[in-house]
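# Residue-level structural notes
Residues per chain are reported as follows:
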Amino acid sequence: MVVALVYLNQVLFTVFVLRVHGGDTSFIARYLPDGWFALADGSSMRALAEHFPAPELLAPSVLRVQAFLELPLVLLAYVTVLRWLDRGLYRRLAGSWLVWAASFFYTFVFCVVEWDLHNPYTVDDIVIRACSAVVTPLLLWWLADREDDAPEQASFAQMLLFAVSVWALGHLVLTVYDTALLYNLGHLSGRLPGAAAALCVLVAARLASSRLRDGEPGVALSFVASGLRWALALFFVPALAVRYGVNFGTPLVAVAAASAICLAAAIHVRRETLSGVGATRIALWAAQTAVALLAGAAAGYAALRLVTDTYYEAGLLRAAGIAFAVVVVVCAATDRWLARRTGAAAVP
């Protein structure tokens, strides 16, 4: 629904520019970087614009409507991924005070970006974002309250389907980012085939995952699944600040923050997964983890370097998805091999 509202605003924005400004976006484009405002000004859009009554009333479609919708778009995308991984964790996190903390910090980051790209609508946008910061957590609380608190145990197949689902969702989010959040509705026709393919993959992956029963992962795969739960929970509040740190001159700080969060997640999981496990099994787990991480890093690096992307997030998404899938495969394979060799159960 949020994505539909975002695209509806893009249509209304195009109508406004075509009718009120004669198709010239320079009145706002001069305040923003290159790569914005590629209008969809085909015959159908022009016909709609010609017959649209009172187009001057569509002035709020310039930046201000989007200022309200960006926060729910980002937060709902994040908790959707969390829900796919673990519904119980999603319910506890989305129904907690952390939603308000995330809303505050995300809004702060958005407002800093707004001020950096100062334009005639900046003050309006900041006020609108503050209103969205109050409404969005209430929406997430209401959604989380409707969810069953059922802990899940991820199997090998479920983890692979999760990786595929996240890649597909990420591809769709990047499509929305380029074609709608940057007001480039004219790019949509070129991105539609890829977006349609990603949507089909997403639907198929979620349907397949819903029909799988919870599995019993081995030690290494259990560590990966638990680590991902902790990482998503710990990243929830600072995620947007880390993401924009790359663009706004502090990439080393962003990398340090991300690394610290991953380290904290690993420490928590080490205590959960390997408590009471013998030294020999811990050494085997360490070897499994090292092999899986090296294989995943190599695969992710190759995926990143083989294709040149318009947005760095696209390459990062592809690399992370492939790296995670390879880590899951290696962990599951080594868990099964060790279980056969020792004759032990998958989980101690």
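Quick caveat, the model's predicted, so the values are computed rather than measured.

### Structural notes on helix 10 (residues 219–235)
Compared with an ideal rise of 1.5 Å per residue, which puts 17 residues at 24 Å, helix 10 spans 24 Å between its outermost C-alpha atoms and is within 8% of the ideal. Within helix 10, 14 of the 17 residues are buried, which leaves it mostly tucked inside the rest of the structure.

### Things to note about the environment of leucine 48
Considering the arrangement of structural elements, one finds leucine 48 in helix 3 (residues 43–51). In this structure the C-alpha to C-alpha distance between leucine 48 and leucine 172, which are 124 residues apart in sequence, comes to 26 Å.

### So, the side chain of serine 103
Relative to the assigned elements, serine 103 resides in helix 6 (residues 98–116). The class for serine 103 is buried, based on a relative accessible area of 1%. Those residues in contact with serine 103, other than ones at most four positions away along the chain, are Leu71, Leu75, Ala133 and Pro137.

### Details of the packing of helix 1 (residues 2–20) against helix 4 (residues 64–85)
How two helices pack is summed up by the angle between their axes together with the distance between the axes. At a closest axis distance of 9 Å, the pairing of helix 1 and helix 4 adopts a crossing angle of 155°. In terms of orientation, helix 1 lies roughly antiparallel with respect to helix 4. Between helix 1 and helix 4 the crossing geometry is left-handed. For the pair helix 1 and helix 4, contact is made by Val2, Val3, Leu5, Val6, Asn9 and Gln10 and by Val65, Gln66, Leu69, Pro72, Leu73 and Leu76, respectively. Taken together, the residues of the contact of helix 1 with helix 4 break down into nine nonpolar, three polar and no charged.

### Topic: the packing of helix 6 against helix 7 (residues 122–145)
At a closest axis distance of 9 Å, the pairing of helix 6 and helix 7 adopts a crossing angle of 160°. Relative to helix 7, the element helix 6 lies roughly antiparallel. In the packing of helix 6 onto helix 7, the handedness of the crossing is right-handed. Note on element contacts: helix 7 touches helix 6 through Thr122, Asp125, Ile126, Arg129, Ala130, Ala133, Val134, Pro137, Leu138, Leu140 and Trp141, opposite Val99, Trp100, Ser103, Thr107, Phe110, Cys111, Glu114 and Trp115. A class-by-class count of the residues in the contact of helix 6 with helix 7 yields 13 nonpolar, three polar and three charged.

### Structural notes on the confidence of the model for the protein
On average, the protein scores 88 in pLDDT, and the residues at 70 or more come to 93%. Contacts from residues 344–348, a stretch scored under 50 in pLDDT, to residues over four places away or in other chains number 10 contacts.

### A short note on unusual backbone geometry
With a phi angle near 70°, leucine 63 is a residue other than glycine that sits in the positive phi range. Looking at the element boundaries, leucine 63 is found in the loop between helix 3 and helix 4. Judged by its relative accessible area of 8%, leucine 63 is buried. Phi is positive for tyrosine 183, which is not a glycine, with a value near 60°. When you line up the elements, tyrosine 183 lands in the loop between helix 8 (156–181) and helix 9 (188–210). Judged by its relative accessible area of 1%, tyrosine 183 falls in the buried class.

### Description of the environment of leucine 89
For leucine 89, the position within the fold is in helix 5 (residues 87–94). Leucine 89 sits in the buried class, given a relative accessible area of 15%. Each C-alpha atom of the pair leucine 89 and alanine 130 lies 27 Å from the other, and the pair is 41 residues apart in sequence. If we ignore the near neighbours within four places in the chain, the residues touching leucine 89 are Leu82 and Arg229.

### Re the nonpolar core
A general trend in soluble globular proteins is that nonpolar side chains are found buried together. Ile28, Val62, Tyr106, Met159, Phe236 and Phe324 are the most contacted members of the largest nonpolar core, which totals 86 residues. By residue number, the principal contributor to this core is helix 4, which donates 11 residues. Those residues in contact with phenylalanine 236 that lie beyond four places of it in its chain are Leu75, Tyr78, Val79, Leu93, Leu98, Val99, Ala102 and Tyr106.

### Some thoughts on the packing of aromatic side chains
Following the criterion strictly, the structure yields 10 aromatic pairs and no others. Where phenylalanine 13 meets phenylalanine 37, the ring centres are 5.7 Å apart and the plane angle is 35°; that geometry is what we call tilted. Placement of phenylalanine 13 in helix 1 and of phenylalanine 37 in the loop between helix 2 (26–29) and helix 3 is noted, with a sequence separation of 24 residues between them. Classification of phenylalanine 13 as buried rests on a relative accessible area of 0%. Centre to centre, the rings of phenylalanine 16 and phenylalanine 27 are 6.4 Å apart; their planes meet at 70°, and the pair counts as edge-to-face. On the criterion of sequence distance, the pair formed by phenylalanine 16 in helix 1 and phenylalanine 27 in helix 2 is long-range, its members being 11 residues apart. When its relative accessible area of 6% is taken as the criterion, phenylalanine 16 is described as buried.

Here is what the cut-offs are and how they apply
- Residues numbered from 1 in each chain as written.
- Predicted model: local features only at pLDDT ≥ 70, side-chain atom pairs only at ≥ 80, totals over all residues.
- Heavy atoms only, no water.
- Helix = DSSP H or I, 4+ residues; strand = E, 2+ residues; numbered from the N terminus.
- Expected span 1.5 Å × (residues − 1).
- Buried < 20%, exposed > 50% of the residue type's maximum accessible area, 1.4 Å probe, protein only.
- Contact = heavy atoms within 4.5 Å.
- Axes fitted to C-alpha atoms, helices over the stretch in contact; angles between N-to-C directions.
- Parallel < 35°, antiparallel > 145°, perpendicular 65-115°, else oblique.
- Left-handed = near helix turned anticlockwise from the far one by under 90°.
- Nonpolar A, V, L, I, M, F, W, Y, C, P; charged D, E, K, R; others polar.
- pLDDT = per-residue confidence, 0-100.
- Core = buried A, V, L, I, M, F, W, Y, C linked by side-chain atoms within 4.5 Å.
- Phe/Tyr/Trp six-rings, centres within 6.5 Å; stacked < 30°, edge-to-face > 60°.

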